[in-house]
Every structure is written in structure tokens, then in C-alpha cells.
Amino acid sequence: MPRAPHKTGLILFPAFDWCISPSHPEREERLLYTRDQIIEEGLEDVENIVFFNPELATFHDINRVHHCVPSAEKLLTESHLISAGGTLRAARAVMSKEVEKAFAIVRPPGHHAMQTVFGDRGFCVINIEAIMVEYIRRHYGIRKIAIIDTDCHHGDGTQDIFYNDPDTLFISMHQDGRTLYPGSGFLHETGGPAAEGYTINIPLPPNTCDEGFDMVMERVVMPVLHEFQPELIINSAGQDNHYTDPITNMNFTAQGYARLNRLLNPDICVLEGGYSIEGALPYTNLGIILAMAGMDFSQVREPDYDPSQFIQAPDMTRYIEAICDKALAVWAKRGPRRREAEQRRVVTKQKEIFYDTTGFHVRENTAHHLCPHCPGFSEITATGRNTHLHAFTVPFNACRHCQDTAKDTFAATMPVPGTLIALQDRIADIYETK
């Protein structure tokens, strides 16, 4: 029996009975060929490859991260809870040392879901990575976590949730937002006032090849990780950078994905996008599993793979070199800008969020109440679909004074008909509404 050098857990939830619509890219058979490939390659017979069943996340797990309007109970299906529960099982398997690493191959995905949730956007309702991160912090006391988002689409939801958290390093490498949904993820998006520089976006030009991704990993991701020294590394493992993906425009390969994960060495991978059901996902998922397990992935090849078709042009390589230099500059400047922002006490930002699946907008205002001793707390007001939200969030790393101030402000806020008023206190682990 073959043996994997790194004991690796797999949590597979194909959600064969759930879809956005029968013809939608995020549909029932999306992981059908991946499941078959795992079986045909004999991974079930490899010593140190361990399969776990997903669990059911609770609404309390969801409310630890999101403000769902009108409520999580009314927005989510059982498949959403199992997908999130698959990441929690992966986390527990790693944190309790049942395995060294784990890969949650689950759907529906989550990285476009922001802190406030009024519905489905970018195929996502709840952010399964963020739910896992806060679960880990709550139950295992881990503080510094790095999330590397390798999906072709910018991880705008994950960025939004951790934007003002200096204990979460978020790096997203993706197709340039000027050419692809959600139209964000630019170099100037660098983190909130308490965490400037802890969000690093690397927008890559369409048709970027393995060479470009290798460069980003070697020149930006690995040096920044080395300096940040996270206690846990998570790969938000979208696979729609693949050259066969039907809704993107990149030239990444299964070998490239495997090499990226061998270098990144994540503790936990969570599947995000990837919609080439037969041409990519069976091979990219297999390559990632073998890389995580420390096994040989050199023979993982797509049937139509021709390396002569994926030679990166020199001018594109020079362009990506310049992007890497600018991304490193974001990280290098992270300290002084935070100190400047702290002197302003309250920093506000406004944005409009488009829910593309059902087609409506939400207007949102966030006030960051800053503190010299912690990231402070946030106050959000939002309006969409004739509903209103007024919410307060106390992050896990807030000081006692900020926690008490947020609780007192919530208590003093008078109920308003048609408005959900919420307190999300991650220190006390409570979610209270009125």
C-alpha cells in the first residue's frame, strides 16, 4: 500500500442535490468527476490519506462572522450549513492533530460573501473560510492566520470580513478586476485603518501562465508569509485560473496548482471556484491533494495539455514583475499608515454591494471606532431590499474598553420598525438582536 509522507484529511461534500439553477456553473455535477478521479486514482487505499464526513455548521457558527438579513435561518439551505461544516471538520482534524493537513472539497463556495449578507452574490451566501477562521480562534486560541486566496476572482468577501484585522494576513492573486467579476482587488485596497498593509492584492493580466503564478509565489507570497509568521496558513483554493475554465481567462495548469501548494504548504485548503467540471477540477484537485500529502504529482496531466500552448510573453512577465514590486511595497509600508489612522479615532467608508445572482444593491456604511490598544470595534448601517441593518461587531482581538463601549452603544440603540439591530461580540461569543 502506498503511503503519504504527510497525513492528510479529505472532506468531500459534492452537494449533488443543490444548485443555483440546472444550467448554472455552480450546479449539481460540479464535483462529480473530481469524486470519480479520487476513487480511480486509489486515494482511498493510500496510507495516511484519511476521509472524514462533513458536519453541519450551526447558526451560531454563522452568526459569529456574518450579519444575515433578515436572519441566517431564512437565507441558508442545509447544503450551505454542510459546506461550512465541512470546513469546520477540516479545522478540527488539523487542530486536534488527527491529521497534519486537510482539504475541504465542498460546495457551495463562499469567498464572495461579505460580513453583511442580504442574499447570494458571486455564487456565495456565507463565507466558509471566515466561518472556519473564527471557529478556530474561538475553540483553539489561534491568533495569527494567513489566508491566501488563489481563486481567479478577487476574494472580496474574505477581504471585507478581515479588512481591519492586523492578525489576519489576506493575500489574493486573481485576474485583474478590470476584466472579471467582482471588479475589485486592486493594489490600492490595502486594509482598514487598523490593518493597513495586511491586505495585499495581486491583480494579474488575463492569460497569465504558470510562470506568472510561480513568480508571485516566490517574490511576494512566500517572503511576506516568512515575515508575518502565521500560526496557520489557509489556501482559499479556487481552481478557475485553469486554462479550460469557461468563465475566466487564465492559463494556469494542474501542475501549476500542485506546485503552488507544494510551495505554500497550507495547513488547510478550502475549495472555492472552478467550473471546468471535466477538464480541470479532477486534475487540479488531485494535484493539490498529492502536493499537500507530500506525494509525487509529476504525472498529473490534463488529457489535452500541451506545454507549447502556455509560454508566457516577455512583456507580460515584465508587467507581473512590476505588480510584484508594488505588492511588496504595500507590505513594507504597513506600519506608519496605521499609526496615522489611529489618531483619527473614527474612520468611515461607504460602499454599494451588488448581489448579482438575484440583482439588487445594498448601500452600506461602516464606521471603524479605532483604539490605540486594539483594532477597535465596527458599526455598520446597511439598506437593501426594503430592509435595514444597524450592527456592531467586537472582534476577537478587541480590548475590554472597546468591547464595553460597543455593548453599551448597542444597548442604548432604540429599536426601529423594519431595522435589524445586532451585536456580534466575538470575545463573549454572543450574537444578540433586537
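Remember, it's a predicted structure, so these values are computed and weren't measured experimentally.

## Here we look at the overall build of the chain
1) Next: For the chain, the helix and strand inventory stands at 12 helices and 16 strands.
2) Next: The C-alpha atoms of the chain give 21 Å as radius of gyration, which agrees with the globular expectation for 434 residues (22 Å, within 12%).
3) Next: Split into buried and exposed, the 434 residues of the chain put 62% on the buried side.
4) Next: Looking at the chain alone, contacts between residues at least 24 apart form 72% of all its contacts between residues at least 6 apart.
5) Next: Accessible area for the chain stands at about 16400 Å²; split by element, carbon and sulfur atoms hold 50% of it.

## Focus on the nonpolar core
1) Next: Judged by nonpolar contacts, the single largest core of 59 residues is most densely connected at F103, L169, M173, I200, I202 and V221.
2) Next: Here this core gets nine residues from one element, more than from any other, and that element is helix α7 (residues 210-228).
3) Next: When neighbours within four sequence positions are excluded, I200 is seen to be in contact with L169, F170, I171, S172, V224, A327, V330 and W331.
4) Next: Within the second largest apolar cluster, 44 residues are counted, among which are F52, A104, I126 and F170.

## Here we look at the environment of L43
1) Next: Checked against the element boundaries, L43 lands in the loop between α1 (32-40) and β2 (47-52).
2) Next: Residue L43 is classed as buried on the basis of its relative accessible area, which comes to 2%.

## Brief notes about the sheet that holds strand β14 (residues 387-394)
1) Next: Spatially, the six strands line up as an open sheet ordered β11-β12-β13-β14-β15-β16, and their pairing is mixed. Every interior strand has two partners, whereas the edge strands, β11 (346-355) and β16 (430-433), have only one. Geometrically, the sheet is characterised by an average inter-axis angle of 15° between neighbouring strands, direction not taken into account.
2) Next: Across seven bridges, β14 lies against strand β15 (residues 419-425) in parallel orientation. In the sheet register, H390 faces β15, and the bridge partner there is I421.
3) Next: Contacting β13 (377-384), β14, β15 and β16, helix α12 (residues 400-412) crosses the sheet at an angle of about 160° to β15.

## Some remarks on the packing of helix α8 (residues 254-264) against helix α9 (residues 281-293)
1) Next: For the pair α8 and α9, the least separation of the axes is 8 Å and the interaxial angle reads 25°. With respect to their mutual orientation, α8 and α9 come out roughly parallel. Where α8 crosses over α9, the handedness of that crossing is right-handed. Residues A254, Y257, A258, N261 and R262 of α8 form the contact with α9, whose own contacting residues are Y283, T284, G287, I288, L290 and A291.
2) Next: Of the residues assigned to the contact of α8 with α9, the class counts are seven nonpolar, three polar and one charged.

## Focus on unusual backbone geometry
1) Next: Each neighbour pair has its own omega, and for R107 with P108 the value is 5°, a cis peptide bond.
2) Next: Position of P108 relative to the elements: it lies in the loop between β4 (101-106) and β5 (116-117).
3) Next: Note the cis peptide between Y181 and P182, where omega equals 5°.
4) Next: Within the element layout of this structure, P182 appears in the loop between β7 (168-175) and β8 (199-204).
5) Next: A positive phi angle, close to 75°, is found at N207, a residue other than glycine.
6) Next: Although it is not a glycine, D429 sits at a positive phi angle of roughly 60°.
7) Next: Inspection of the secondary structure puts D429 in the loop between β15 and β16.
8) Next: Overall, D429 belongs to the buried group, its relative accessible area being 16%.

## Quick notes on α7
1) Next: Between its first and last C-alpha, α7 extends 25 Å over 19 residues, near the 27 Å set by a 1.5 Å rise per residue.
2) Next: Within α7, the axis deviates most sharply at M217, by approximately 40°.
3) Next: Among the residues making up α7, those that are buried are D210, G212, F213, M215, V216, M217, V220, V221, V224, L225 and F228.
4) Next: Looking at the buried positions of α7, the neighbouring elements they touch are β6 (145-149), β7, β8, β9 (232-237), α8 and α10 (314-332).
5) Next: Looking one or two places after α7, you find Q229, whose phi comes out positive at around 55°.

## Brief notes about the side chain of Q175
1) Next: Residue placement: Q175 occurs in strand β7.
2) Next: At 3.0 Å, the side chain of Q175 forms a polar contact with the side chain of T179.
3) Next: Among the polar contacts made by the side chain of Q175, one reaches the side chain of N249 at a distance of 2.9 Å.
4) Next: Beyond its immediate sequence surroundings of up to four residues, Q175 is in contact with C152, L180, L204, P206, T248, N249 and M250.

## Observations concerning the sheet that holds β4
1) Next: In space, the eight strands of this open sheet follow the order β2-β1-β4-β10-β9-β6-β7-β8, with parallel pairing throughout. A single partner strand is all that each edge strand has here, and the edge strands are β2 and β8. Between one strand and the next, the sheet's axes are offset by a mean angle of 15°, whatever the strand orientation.
2) Next: Sheet topology note: the β6/β9 ladder contains five bridges and is parallel. Along β9, the bridge assignment pairs I148 with N235.
3) Next: Across the sheet, helix α5 (residues 128-140) is in contact with β4, β6, β7, β9 and β10 (268-271); its angle to β10 comes to roughly 150°.
4) Next: Sitting on the sheet, α9 is in contact with β1 (3-13), β2, β4 and β10, with an inclination near 165° to β4.

## A short note on the packing of aromatic side chains
1) Next: Evaluation of the coordinates by the stated rule reveals 11 aromatic pairs.
2) Next: Centre to centre, the rings of F392 and F410 are 6.4 Å apart; their planes meet at 75°, and the pair counts as edge-to-face. With F392 in strand β14 and F410 in helix α12, this residue pair connects regions lying 18 residues apart in the sequence. Neither residue differs from the other here; F392 and F410 are each classed as buried.
3) Next: Pairwise contacts between aromatic rings join F118, Y355 and F360 into one cluster.

So, how was this worked out
Residues numbered from 1 in each chain as written. Predicted model: local features only at pLDDT ≥ 70, side-chain atom pairs only at ≥ 80, totals over all residues. Heavy atoms only, no water. Helix = DSSP H or I, 4+ residues; strand = E, 2+ residues; numbered from the N terminus. Rg over C-alpha atoms; globule rule 2.2 N^0.38 Å. Buried < 20%, exposed > 50% of the residue type's maximum accessible area, 1.4 Å probe, protein only. Contact = heavy atoms within 4.5 Å. Areas by Shrake-Rupley, 256 points an atom, 1.4 Å probe, with all protein chains shown as cover. Core = buried A, V, L, I, M, F, W, Y, C linked by side-chain atoms within 4.5 Å. Pairing = 2+ DSSP bridges. Axes fitted to C-alpha atoms, helices over the stretch in contact; angles between N-to-C directions. Parallel < 35°, antiparallel > 145°, perpendicular 65-115°, else oblique. Left-handed = near helix turned anticlockwise from the far one by under 90°. Nonpolar A, V, L, I, M, F, W, Y, C, P; charged D, E, K, R; others polar. Expected span 1.5 Å × (residues − 1). Bend = angle between axes of the 7 residues up to and from the residue. Polar contact = N/O pair within 3.5 Å; in protein donor to acceptor, adjacent residues only side chain to side chain. Phe/Tyr/Trp six-rings, centres within 6.5 Å; stacked < 30°, edge-to-face > 60°.

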